[in-house]
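Fold and contact review
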Amino acid sequence: MDLSIFQKAKKGNYYCGDSYFYKETEDAFLCALADGLGSGEMARESSKAVMEVIEEHPDLTLEALIKKCNEVLVGKRGVVLGILRIDFNARTYSYSSIGNIGVITVDPDGKRNRNIPLAGYLSGYPRRLRISHGTVQEGMVFLMFSDGVNDRRLSSKFTHSRDVEQITQHYKELYGQSRDDDITLIAMAYN
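Small disclaimer: the values here were computed from a predicted structure and weren't measured.

Right, let's get into the pairing of strand S10 (residues 183-189). Across the seven residues of S10, seven count as buried, placing the element largely inside the fold. Judged by which residues are buried, S10 turns out to be covered on both faces: Ile183, Leu185, Ala187 and Ala189 on one side and Thr184, Ile186 and Met188 on the other are all buried. Pairing of strand S1 (residues 2-8) with S10, which is carried by seven bridges, proceeds in the antiparallel orientation. Paired with Asp2 across the bridge in S10 is Ala189. As defined by bridge partners, strand S9 (residues 141-145) adjoins S10 across five bridges and the pair is classed as antiparallel.

Any two packed helices are characterised by the angle at which their axes cross and by the distance between the axes. As a packed pair, helix H1 (residues 41-56) and helix H2 (residues 62-72) sit with axes 9 Å apart at the nearest point and diverge in direction by 140°. Taken together, the axes of H1 and H2 lie oblique to each other. The two elements H1 and H2 cross, and the hand of that crossing is right-handed. Residues Ala49, Val50, Val53 and Ile54 of H1 lie in contact with H2, whose contacting residues are Leu65, Lys68, Cys69 and Val72.

Right, let's talk about the environment of Ala32 for a bit. Position of Ala32 among the secondary structure elements: in strand S3 (residues 28-36). Counting along the chain gives 10 residues from Ala32 to Tyr22, while the straight-line C-alpha distance between them is 6.4 Å.

Rules used in this analysis
- Residues numbered from 1 in each chain as written.
- Predicted model: local features only at pLDDT ≥ 70, side-chain atom pairs only at ≥ 80, totals over all residues.
- Heavy atoms only, no water.
- Buried < 20%, exposed > 50% of the residue type's maximum accessible area, 1.4 Å probe, protein only.
- Helix = DSSP H or I, 4+ residues; strand = E, 2+ residues; numbered from the N terminus.
- Pairing = 2+ DSSP bridges.
- Axes fitted to C-alpha atoms, helices over the stretch in contact; angles between N-to-C directions.
- Parallel < 35°, antiparallel > 145°, perpendicular 65-115°, else oblique.
- Left-handed = near helix turned anticlockwise from the far one by under 90°.
- Contact = heavy atoms within 4.5 Å.

Printed below as a string of structure tokens:
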């Protein structure tokens, strides 16, 4: 997997309330992005707590992983969360998105698919989940982003490139200074 990340805290904040984690092994790739509710240090505390759970248990199913993440949020601010897993052996991907973490897939022919996340957020209470599945193809691009990224700005001019570094750099140059919220854009390409 090729991966590039652009992240910037909300204007006026020292701490970014978005946290991410990724791990690639011989068999699989896992990437997760959490946005703590609100902004600043308390939002970061919640999003980091979720990433620590994912880092400790990267081999769990998405359902089990999200359940563990939800449990660690009891008594904390909630988070919105997106998790993507690619199984290299089966050549499949699966993702789940709760709240406003966006996921866009772009197939090698340039066809874009924007997921509709499940409404709400994780806060320690049981949640219903929706997991999307698909077949991964060589040259496929995945974009995962927090709500500080305007998905309308992630138009085809961004996604015609398979160069993930170019995608995040281009977004940073055009929109990196207008920060009404924390921004995290993760561009990933399956090669």
